[in-house]
Structure formats: structure tokens, C-alpha cells
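Structural overview for review
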Amino acid sequence: MTDCLIEAGAILCAVDSDGAFRVETDAAILVTGGNITAIGPVADLRRAHPDLPRHGGPGMIAMPGLVNGHHHSGVTPLMHGVPFAPLEFWLPRFRAQRRIPLRLDTLYSAIEMLESGTTTVHHIHGGVSGGPDDWQSTAGGVLDAYAEIGMRAGFSFMIRDRNRLSYTDDATVLADLPSDAAAWIGAQLKAEAVPVADLMGFFADLTRRWAGNDTVRVNLAPANLHWCSDDALGLIFDTARTAGAQIHMHLVETERQAKFALAHTGRTAVGHLHHLGCLGPHVTFGHGNWLSRADMDLLGEHQCSICHNASSGLRLGSGIAPVNRMLERGIRVALGIDQSGINDDRDMLAEMKLVWALHRETGLWNARASATQILQMATEHGARTAGFGERIGRLEPGRAADIVLLDRAEVERPAVDPRTPLTDTVLMRAKSGAVREVFVGGRKVVADGRVTGIDRAAVMSEIAAEMQRALTPAEAKAAAMIDQIVPVLMDLQHQSGPDTARPYRYNSMADRADSL
């Protein structure tokens, strides 16, 4: 049932033109046909709609559903036994992970997201291989699982046409590998070598298949500059412009990626994409840890967005994105949790706290992201980058009723001074345990803190069985092959030049002889 009244003692509606979150107190949200029809005093809306079911109450805080703007898979790499390492040595080990059924894998992270208030995800699948039937079963398996649990999803698949193993061509890497490892990984690379034009046809078919579904948006994801030739980028960006689709592209996540762009194009990565005519309001770049000032000027000028993945950058040692400098230029920043957050889960309430603290900087007068800006990153800005534009991200008439109800007593326990802004209270103190009910398009998908659309216990039990079973012969071989491949990739990085790693900015004095 999607027609109802959702009542709260306080409603965080939206960020107004003055940069402040509009808050309605002792109010109700009228939901009709899955959309917000009105927001007003509880008594008035009850009187006008006496027969509608009511949810929430005066002890609740209502807020827009959160958006995880950058997500890949369910069971985390750590759970799969993949040790943390720099990105270049971490990603190859994904090829040795157990093969968890897509439905279970997708539902695992969806449970974590919904139960911590995230109603929308941009799912960037690792890629497709094989033939068209394989591509369709991959996309369908993921999107059907999100539909089953009741979550809204943007969907894209990463597109690569070169350098799949490192920053050099695959043939060079294969030539350095032991023969058995080269044969094993070579077969995979061949299956993944799908012509980009064919993938654009698949994108068009997928878009038609899900057209009219209000909970799905199909986007495009060129994987990264070093993974995509200029010809591939041109075709992908032209396709997106014609289709009116969003693009989400990983960019300068690590310092090595920034150096690749300079060495191979003579420009920064952003500068090269600008040269190719690829910048625009429909474009989001994931990570952006190694942007220059000139890069950010271009992004601001062309109204591009950035999806900031703070936990990922810290846990992999990839770097810290210059978010405050982005905000100074008016760049829209969304938030993503990438493979998993600082607690190895998908809790956007925790990720927002990390983002706020990470970008405090050390000056007395410098600009810093406010609680309101952080909340806007995790709602309205994320909605835009995931492809849902004007549909979600704000609680106002005409938008979809994607709403999270927080137990105010739990958030404020034992008490918070009334002078404390509600946005600050929610950002600093709300934890997943305070999430009571969650609605997507007016449909209740979380009740009493637990998802309602699936048998949660059964899903967890099935995942546990998958993770505890013995490796199949193919999985055991994959682990052995990757153990041979990663040392070769490490040698290639050594040969490419010295590591120029530097202390994080707050430890910058550690390399100086004096104290200032």
C-alpha cells in the first residue's frame, strides 16, 4: 500500500536556496500513488484524509532516503579473504573470489543499505563477459534482486577496451607471466573483450527493457581513462548524450592513474576528457582524489559532479579527495561507499560522519563542509548522479516518497539541547539502530529496523553456506593463478619508476627537520 500519511515531530525536507535545510515540525507527509502530495500540519492532513493508514508519529524524525552513489558488489572483498593493498594489487585478487549467486550477493548489501536508511544505490557492475545472454542474465539478476527487496537502483556496467591488468597493454603483461597463469588469465581477457559498439547495443536494449520502471535507471560507466581508448570514450559519451543517460566514470583514484594520463596524453585526465569533449552536467567522476586546481575549475565550469568515496580512499591508501576545494567551485559532490565503508559495511550514516570529520582541515578560518552540505551530498546530489534527477533526494510535493524515519529519542539519547541544529544532531548522532521505518515510493520496505521484502534470515543463512563451502576446483585454481600474477604486476609497477608516496597532509611536518 502506497497511499498513507507519514507523521513526524520533525521533517528534514530539502535544502533551500539560502543553503539551509527546511524543517517542518509536528507535520505529516501525504503519500498518494507512491508520490508526495502534500506536507503540512498533522491535524489538518488527518482531518482531510481520515481513512488513510498512518505511520510514524511525534517521536520520529523524517528525512529523505539516502543515496549510495558508487557501489559494486555485496559480500565484501575482506569477507572473501582479499587482503587490503594498494588498488593496483587489490583489484586483480577479485578474480579469485568465490562465485556467490548474484541474487544473494546483491541482497546482502541491499539489506545493509536499507536498514541504515539508504533507499537508492548506483550499482556499477564490474563488467560483462561472454555473449548477450550472459550480459542480460547479469543485469537481470542484479536488478531483479533490488526489485525484490524494494530498493531503487541506478545500474551500469564497467566498460574497458584496453589495459585490463595494469597500466600497460595486456599482451606485455601476459608475456611476463608463467605459461599456465598466462593461459588462464588470457582466456578470461578474451571473454571480456567485447566490442564497445556491441555493449552500446546492449545498453540500448537494457534501457528499453526497463523503460517506464520508476525504480530503475540505466547509466553508462566507462571504467577509467587507462582502461578506455579515446575511440571507446567517444562512442560511450556520444551514446549517453543521445540517450539522455548519466555517465559515471572512475577517475584519478590513485596517483598512478594521474601519472598515466600525463604520460600518455600530455594532459591531466580531466584535461584530456575536456579535449575529447566529454565533460558536461550528465557526467560524474568517481573518486577524484588526484585532481588539480585547473581540473576542478574545468569540472565546475562544465557542471560535472564528483562522487566522493572517503572510506575507500583511506582503506586502500588511494588518497583524500579535495572536497573543500570542490565546494568552493560549486561542484556538486555526491557520496559513495564503493566496495564497503570504514566498518566494512554499507552504512551511509557512518560514511557521512567520516566525510564530515575528514575534511575539517586544520586552519582557524578555512571553509569546511557543513552538516547541511554533507546531508545534501548523501541525498539530493546522489539522486542526480544515480540518474533519478528530480524524482528523489528531497521531501516535497511531486517527488517520490522515499522516506526514512529515525527514532528521535534514540538519536538524542539522553537529551540534546534544543539550540543544536537538527541537521547537526542527525549527522553526528544518528546510527543505523535509530532507523525504524523506510519507505521507497511509499512502500514500506523496512519496519522496526528490519527489511520486509525478503526472508532476511534465510538470505543470511544461504550466504553463510556459500562462504563456508569448500572451494570448487575452478575457484582453487583461480586462487593459485592470482598468486602467480600479482607478483608480476608488482614488478611492473617497480619498473615504471620510483614510488613518490607522501605523508598525508596532516603529517606533512614529519618530513621536516624543523617544527614549522
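From a predicted model like this one, the values you see are computed outputs, not experimental measurements.

Rules behind the numbers
- Residues numbered from 1 in each chain as written.
- Predicted model: local features only at pLDDT ≥ 70, side-chain atom pairs only at ≥ 80, totals over all residues.
- Heavy atoms only, no water.
- Axes fitted to C-alpha atoms, helices over the stretch in contact; angles between N-to-C directions.
- Helix = DSSP H or I, 4+ residues; strand = E, 2+ residues; numbered from the N terminus.
- Parallel < 35°, antiparallel > 145°, perpendicular 65-115°, else oblique.
- Left-handed = near helix turned anticlockwise from the far one by under 90°.
- Contact = heavy atoms within 4.5 Å.
- Nonpolar A, V, L, I, M, F, W, Y, C, P; charged D, E, K, R; others polar.
- Buried < 20%, exposed > 50% of the residue type's maximum accessible area, 1.4 Å probe, protein only.
- Pairing = 2+ DSSP bridges.

Two quantities define a packed helix pair, namely the angle between the helix axes and the distance between the axes. Taken N-terminus to C-terminus, the directions of helix 7 (residues 196–210) and helix 8 (residues 230–243) make an angle of 20°; their axes are 10 Å apart at the nearest point. The orientation of helix 7 with respect to helix 8, classified from their angle, is roughly parallel. The crossing of helix 7 and helix 8 is right-handed. Residues Val196, Ala197, Met200 and Phe203 of helix 7 lie in contact with helix 8, whose contacting residues are Ala232, Leu235, Ile236, Thr239 and Ala243. Of the residues belonging to the contact of helix 7 with helix 8, the class tally is 8 nonpolar, 1 polar and no charged.

Okay, the environment of Met151 next. Among the secondary structure elements, Met151 is positioned in the loop between helix 4 (132–149) and strand 7 (152–159). Taking the C-alpha atoms as reference points, Met151 and Thr385, separated by 234 residues in sequence, lie 16 Å from one another. With near-sequence residues (within four places) excluded, Met151 lies in contact with Ala110, Met113, Leu114, Thr118, Thr119, Thr120, Val121, Tyr146 and Thr215.

Our focus in this paragraph is the packing of helix 14 (residues 348–358) against helix 15 (residues 371–386). The contact between helix 14 and helix 15 brings their axes to 10 Å, and the two run at 135°. Of the possible angle classes, the one that applies to helix 14 and helix 15 is oblique. Here helix 14 and helix 15 pass one another in a crossing that is right-handed. When helix 14 is examined against helix 15, the residues Met348, Met352, Val355 and Trp356 are found in contact with a partner set consisting of Ala371, Ile374, Leu375 and Ala378.

Of all 5 residues in strand 10 (residues 247–251), 5 are buried; the element is thus mostly enclosed. Because side chains alternate across strand 10, one face comprises the buried residues Ile247, Met249 and Leu251, and the other comprises His248 and His250, equally buried. By the bridge criterion, 5 bridges tie strand 10 to strand 11 (residues 283–287) in an arrangement that is parallel. Looking at strand 11, one finds that Leu251 is bridged to His287.

Turning next to the sheet that holds strand 11. Read from one edge to the other, the open sheet built from 4 strands follows the order 10-11-12-13, with strand pairing classed as parallel. Strands at the two margins of the open sheet, each flanked by one partner only, are strand 10 and strand 13 (332–335). Put simply, the sheet's adjacent strands are angled 30° from each other on average, direction ignored. Bridge count for strand 12 (residues 305–308) against strand 13 is 4 bridges, and the pairing is parallel. Note that in strand 13 the partner of Ser305 across the bridge is Arg332. Along the sheet, helix 8 contacts strand 10 and strand 11; its crossing angle with strand 10, the most-contacted strand, is approximately 150°. Its contacts with the sheet put helix 15 on strand 11, strand 12 and strand 13, and the angle it makes with strand 13 is roughly 95°.

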